Amino acid sequence: MQSTNWVPLFPEQASTFAWQVDLLYFYLIIVSIAFTIPVAAAIFFFAIKYRETEKFATPEEMHGSMVLETVWSIIPFVISMTIFLGGAIVFFNQFTPPEGAMNVYVVGKQWMWKLQHETGQREINELHIPVGRKVKLTMTTEDVLHDFSIPAFRTKADVVPGRYTYLWFEATKPGKYHLFCAEYCGLNHSGMGGYVYVMEQRDFDNWLSGSVSGQTPVEAGRDLFENKLGCASCHAGGPTQRGAMLEGIYNHEVKLVGGATVTADDQYIRNSILNPSSQIVEGFQPIMPTFKGQVTEEQLNSLVAYIKSLTPDAAAAASSVPTANTSNTAAPAGNTAAKPSANSNR
Amino acid sequence: MNAENVISSGYGGSKLNYITNGSTLKSWLLTKDHKRIAIMYLISVSGFFLMGGLYAATIRLELLTPASDLLESGTYNKVFTQHGILMIFFFLIPSIPAVLGNFLLPIMIGAKDLALPRINLLSLYFYWIGGGMTLFALMQGGIDTGWTFYTPYSTTFSNSFVMLVGLGIFVNGFSSILTGLNFIVTIHTMRAPGMTWFRMPLFVWAHYATSLVMILGTPVIAITILLLALERLGGVGIFDPAIGGDPILFQHLFWFYSHPAVYIMILPGMGVISELISNFSRKKIFGYEFIAFSSIAIAVFGFLVWGHHMFVSGQSIYAGLVFSFLTMVVAVPSAIKMFNWTATMYKGSVSYDTPMLYAIGFMGLFLIGGLTGLFLGAMGLVVHLTDTYFVVAHFHYVMVGGQVIAYLGGIHYWWPKMTGRMYSEFWGKISAMLVFVGFNLTFFPQFILGYQGMPRRYASYPEEFQVLNIFSTAGASVLGIGLLMPAVYLMHSLFFGRPAGDNPWMHPGLEWRTSSPPPTENFEVMPVVTWEAYEFGEESGMDIEAARRREAVIT
Amino acid sequence: MSAHYSDKFVYHEPGLQHQFDDMGQQEESVAIGMWMFLVQEIMFFGGLFTAYLVFRSKYPMAFAAGSNHLDAFWGGLNTIVLIVSSLTMALTVYYAQKGNRNMQVILILLTMFFGAVFLGVKAIEYTSKYNDGLVPIAGLNKKVKADPAAAHLPEKPCYEVEHGEADEHHYVNPRGEFQWKDCSLVKLAQDGNYLTEAEKIGYFSNDGSGAPQIDAEKFRDKVLIFYWIYFVMTGLHALHMIIGLGLMAWLLWTAWRGYYSGDYYMPVEMSGLYWHFVDIVWIFLFPLLYLLGRHFMH
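Everything quoted here is computed from the prediction, not taken from an experiment.

Thresholds applied
- Residues numbered from 1 in each chain as written.
- Chains lettered and ligands numbered in written order.
- Predicted model: local features only at pLDDT ≥ 70, side-chain atom pairs only at ≥ 80, totals over all residues.
- Helix = DSSP H or I, 4+ residues; strand = E, 2+ residues; numbered from the N terminus.
- Buried ≥ 20, exposed ≤ 12 C-beta atoms within 10 Å, placed from the backbone.
- Contact = placed C-beta atoms within 7 Å.
- Nonpolar A, V, L, I, M, F, W, Y, C, P; charged D, E, K, R; others polar.
- Pairing = 2+ DSSP bridges.
- Axes fitted to C-alpha atoms, helices over the stretch in contact; angles between N-to-C directions.
- pLDDT = per-residue confidence, 0-100.
- Parallel < 35°, antiparallel > 145°, perpendicular 65-115°, else oblique.
- Left-handed = near helix turned anticlockwise from the far one by under 90°.

S.K.: Please explain the overall build of chain A as it appears in this structure.
M.R.: Along the backbone of chain A there are nine helices and 12 strands. Within chain A, buried positions represent 36% of all 346 residues. For chain A, long-range pairs separated by at least 24 residues make up 66% of all intrachain contacts whose partners lie at least 6 apart in sequence.

Written out as structure tokens, the structure is:
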């Protein structure tokens, strides 16, 4: 994105109708200047030219002028009509979904975006799209109002419980763009967002087929933890912490609500991600949403690897092979991901 | 108090004025005198303004850095919600009508009091009860729904004191309704002999238009908030999407009031500015009828544009088109006012007293506020701009740059009438300029932030927005000092200010023809109006030579 | 402050407030004030009527079903009671103008009596809703424990429940929740293609077998919306009636003391305006809630 050492006046133009919105914006700025300068100049000119020369003077009386009133009623009206028409045309482009667009389904939820591609890939707080393809979002929410907003594309739309709303765009430039929730939705409203990745078609195809990167599982896990899944928004320290700190817990005993204790091994971590409310650590609220169906088994393994790496002596303590996949019937059969154990000492 | 009676046809001259006429607590709390009620409103409204201002300062401090480090986001949400609720419902809406309107409207039309003085007192008590409930809720833990109370967050998901605050606003709404009702009745029936409709000051016209909005709009928000409270109480209701209810219906009902409500806030401000520009140019206002009827036009059209708050909420494109068109239409009467004010200064005799500085500041800021309103009425653009800081900046340009500055200008202008004392002109000018500079520094960067896409109501934001946020916070500190200064020198003037005399500005209006402060019944004898509004010459019976002599003695 | 003021205004007409010059001005002010208050009231109820219209057009069948369960007899009786009370109120104003104290007192008492009858009937209706589990707020209905004797009887699907049939054996409501077991209307309407799009989404569930099934719970929710609006509207109307009765009590006291005459009867006329307004609201509520669509599909 933009560098931080200068003040950008405009966000990047990255969709087909971004230039139209910007054009309308420039037109309105010109109209504003064309009104402001003469009026401000007149105010200053009159204030100086006709300044008081004698206390309580009574300058010549002046009544209104029908001609002037008519002129300065009609001119703003005509100009405002051009603005109205321009705005209406751009709006029509923004909200008339095209034929043959690539469909993405969006579900808003306090405080994350859950997206799914037509081909089945799920994403959280991220959207990967190819450049130059029309994309149509079909959106709803599980709880309160949200608003899917991408400033670089100059578009947004509210997401309303109980009904579907739609948004479409065609990205024109590869890059990484902010995704915001623009409708106030409660506690972590400002944390509900992420990035839209616009990729070349080839990269997008690669991404779709799953070979996203050459990251090690710990790196991939950190990426998932801090960015993609947003675990860090609750599990990192600081004012927004609402979940347990995960540093140094691996293979240590944790106390659960109800008094039981359990060893935080791979199985426990995995279970906590998929069924968070089944084993709540003492002192925390059962607020974590389930990630079942949102993380692939690969990602799950990477996460376990990353959380393990937060415990310095985990390498020694956890030399045994984790049993995550074998003991969970929900795991897909053909999972050939690298075992976390292989990377636990990185 | 009456240093020198400079008006040959003055109606004042009483031994007792409304302040000295009775000093017990009861004589204040059970008064039927519109002036005492206005003073009690002034004190209460100032308290709410101070609280709202402290919340605003907290918001700006938090936004100094991208992370949510000063406040956690839960607290931040409460802070901006409470800032909005206190400022809008307990300051912006009541301030000019209930303080300046209450005090001046009957005097300006030559009445002894408002037509329904007990109703007026009742409105003050509604305001206090509503305000008290809200303050109690804030002390219990506050509210975090945003001042817009959007469902279903406010009905089902928020764990804060929505019901109590809602009921507070419900009760407070009746204060607004009763004030509006009283003004309409008073303007219809209480005008002095000779005070025809087109001799009324434009301040009174503006209040007439405002009162129409108060009576037609406020009941709708009252029932909406009541439904919201009932829905929270019962755990079920018509805004609940889980049973097939409609959360968008809430937005329609809410904005049906809350858009006209911004005209409740700004129209009286425009009335004040009409008085100030005319007085300090010493010239009859240009296009009197056009300003008067543009107020009424704004009030009427204001009821037809609520949907422009909902362009991206899923309403149909065609509904959007109609609302966008009407929004553009509403811009025209505001433009007419702007041009007429400017034309009033032409060939006038312009002096730069503190109220005039505020009035000129108003014209500049309202110009920007109004024009950026066009940005937000153009549908294609508003999709990008809505829910960003552009909206925040626009709203504050109209509300602070418009309403608050007009209110301060009005308070300064009529301070000698209300208290009989003159404030320090030197400090007044300094504070007016600080407010202007501080305000622009605070809110202009937010337009740019908005176009960059920074969403509103964010406790933390991406780093690239920080530079402009620092500007904004720096400006806010200047603005804060500028706004605190009047509190000091106005209080000081109460005890040490020089006596102002009955008509320090030599204005022909009726409020300047009684003593300062006015007697309880406003006029010793029933005034008879024989002059047009804003006739500054000797023919309206003012002894201008005597005033000049007095002025020469002072300076 | 009044001491200061009365120095100059010695003569006061009876009932003239200090801020007015003469009775004409006072009467005009009070009348305009009252009309403005009524305008305010219209907008207040207007918000509710808007909500009613929105949901009626969205879910007409649920509203017809709910409407059908309201007792038009009691509603009709109340309408007549209120119209008669409007007559007695108008006559009160007439006799106040005539300065006839006895007739005023009698007619105010009659008006109060009709007002009380209205509220009594409303109480009867509310009680029957309480007994039938039709109060929208959970826990505010009569709690009915399961009847062990009827437990073995099979429960019918909702669209086979005879319309208006009270199935006392199966009526179980241990937590006092809102209950609605009858969606026979939807079944009928479905065959005739009467349903709106919103209703098709609102009343049916797709269990995966292909044909959408009437979902008793989803239909119940829409009827609940009807009853929510019914209770809010009639409840606020009843509140206005109670305030009206308070006004009448004050009027009775002052009329008894002989305050009103041909010169001064403004309070009577204004209270009358209020009373008529409350009646008129009911004149709208009765057909909208009790009658509209009542016999559709029956």
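S.K.: Is there a simple way to think about the interface of chain B and chain C in this case?
M.R.: Each partner contributes to the interface: chain B provides 39 residues, whereas chain C provides 34 residues. Put simply, the parts of the chain that give the side of chain B that touches chain C at least two residues each are helix H6 (162-189), helix H7 (202-234) and helix H8 (247-281) of chain B. The greatest single-element share of the side of chain B that touches chain C, amounting to 10 residues, is contributed by H7(B). Within the side of chain B that touches chain C, the residues separate by chemical class into 22 nonpolar, 12 polar and five charged.

S.K.: What's the story with the interface of chain B and chain A in this structure? I'm lost.
M.R.: Many structure descriptions define interface size as the accessible area lost when the parts assemble. At the interface, 83 residues of chain B touch 82 residues of chain A. The element contributing the most residues to the side of chain B that touches chain A is helix H10 (residues 317-345) of chain B, with 14 residues. Here the side of chain B that touches chain A is built from residues that sort into 48 nonpolar, 22 polar and 13 charged.

S.K.: Is there a simple way to explain the environment of Phe44(A) in this structure?
M.R.: You can see Phe44(A) is positioned in helix H1 (residues 18-49). Taking the C-alpha atoms as reference points, Phe44(A) and Pro11(A), 33 residues apart in sequence, are found 35 Å from one another.

S.K.: Mind showing me how you'd approach the sheet that holds strand S5 (residues 134-141) of chain A here?
M.R.: Strand pairing in a sheet relies on backbone hydrogen bonds. The paired strands run either parallel or antiparallel. Residue and element names in this part refer to chain A. Spatially, the five strands line up as an open sheet ordered S3-S2-S1-S5-S8, and their pairing is mixed. Two strands lie at the open edges of the sheet, namely strand S3 (122-124) and strand S8 (165-170), each paired on one side alone. Between one strand and the next, the sheet's axes are offset by a mean angle of 25°, whatever the strand orientation. Direction of pairing for strand S1 (residues 102-109) relative to S5: parallel, over a ladder of seven bridges. Bridged to Val-107 within S5 is Thr-140.

S.K.: Where do I start with the confidence of the model for chain A in this structure?
M.R.: Detailed reading of the predicted coordinates is not advisable wherever pLDDT falls low. All names here are of chain A. A residue-level look at chain A finds 83% of positions with pLDDT of 70 or above and a mean pLDDT of 80. At the low end of the mean pLDDT range in chain A sits helix H9 (residues 324-327), at 34; at the high end sits strand S6 (residues 146-150), at 95. Confidence drops under a pLDDT of 50 for residues 1-5, and excluding neighbours within four residues, the segment shows six contacts in the predicted structure. Overall, residues 315-346 carries pLDDT values under 50, and its contacts beyond four positions in sequence, including any with other chains, amount to 49 contacts.

S.K.: What exactly am I supposed to notice about the environment of Pro157(C) here?
M.R.: Residue and element names in this part refer to chain C. Turning to its location among the elements, Pro-157 is positioned in the loop between helix H5 (101-132) and helix H6 (184-191). Taking the C-beta count within 10 Å as the criterion, Pro-157 has 12 such neighbours and is therefore assigned exposed. Separated by 25 residues in the primary sequence, Pro-157 and Asp-182 have C-alpha atoms spaced 8.6 Å apart.

S.K.: Would you take a moment to explain the packing of H10(B) against helix H11 (residues 354-377) of chain B for this structure?
M.R.: In a pair of packed helices, the angle between the axes and the distance between the axes together describe the arrangement. Residue and element names in this part refer to chain B. Direction vectors running N to C along H10 and H11 enclose 165°, while the axes themselves pass 10 Å from each other. By the angle class used here, H10 and H11 are roughly antiparallel. Seen along the crossing, H10 lies across H11 with a hand that is left-handed. Between H10, through Ser-324, Thr-327, Met-328, Ala-331, Ser-334, Met-338 and Trp-341, and H11, the contact on the second element is made entirely by Met-363, Leu-367, Gly-370, Gly-373, Leu-374 and Gly-377. When its residues are assigned to classes, the contact of H10 with H11 shows seven nonpolar, six polar and no charged.

S.K.: What is the right way to look at helix H3 (residues 60-69) of chain C in this model?
M.R.: Two residues of an α-helix separated by three or four positions point the same way, owing to the 3.6 residues in each turn. Residues and elements named next belong to chain C. A large share of H3 lies buried, amounting to eight of its 10 residues. Every buried residue of H3 is listed here: Pro-60, Met-61, Ala-62, Phe-63, Ala-64, Ala-65, Gly-66 and Ser-67. Looking at the buried residues of H3, the elements they touch are helix H2 (23-58), H6, helix H7 (197-203), helix H8 (216-256) and helix H9 (266-291).

S.K.: I'm lost on the packing of helix H3 (residues 73-108) of chain B against H8(B) in this one. Help?
M.R.: Residues and elements named next belong to chain B. Interhelical geometry of H3 versus H8 gives an angle of 35° and a closest axis separation of 8 Å. When the axes of H3 and H8 are compared, the crossing they make is left-handed. Here Leu-92, Ile-93, Ile-96, Pro-97, Leu-100 and Gly-101 of H3 lie close against H8, whose contacting residues are Ala-261, Ile-264, Met-265, Pro-268, Gly-269 and Val-272. Split into classes, the residues belonging to the contact of H3 with H8 amount to 10 nonpolar, two polar and no charged.

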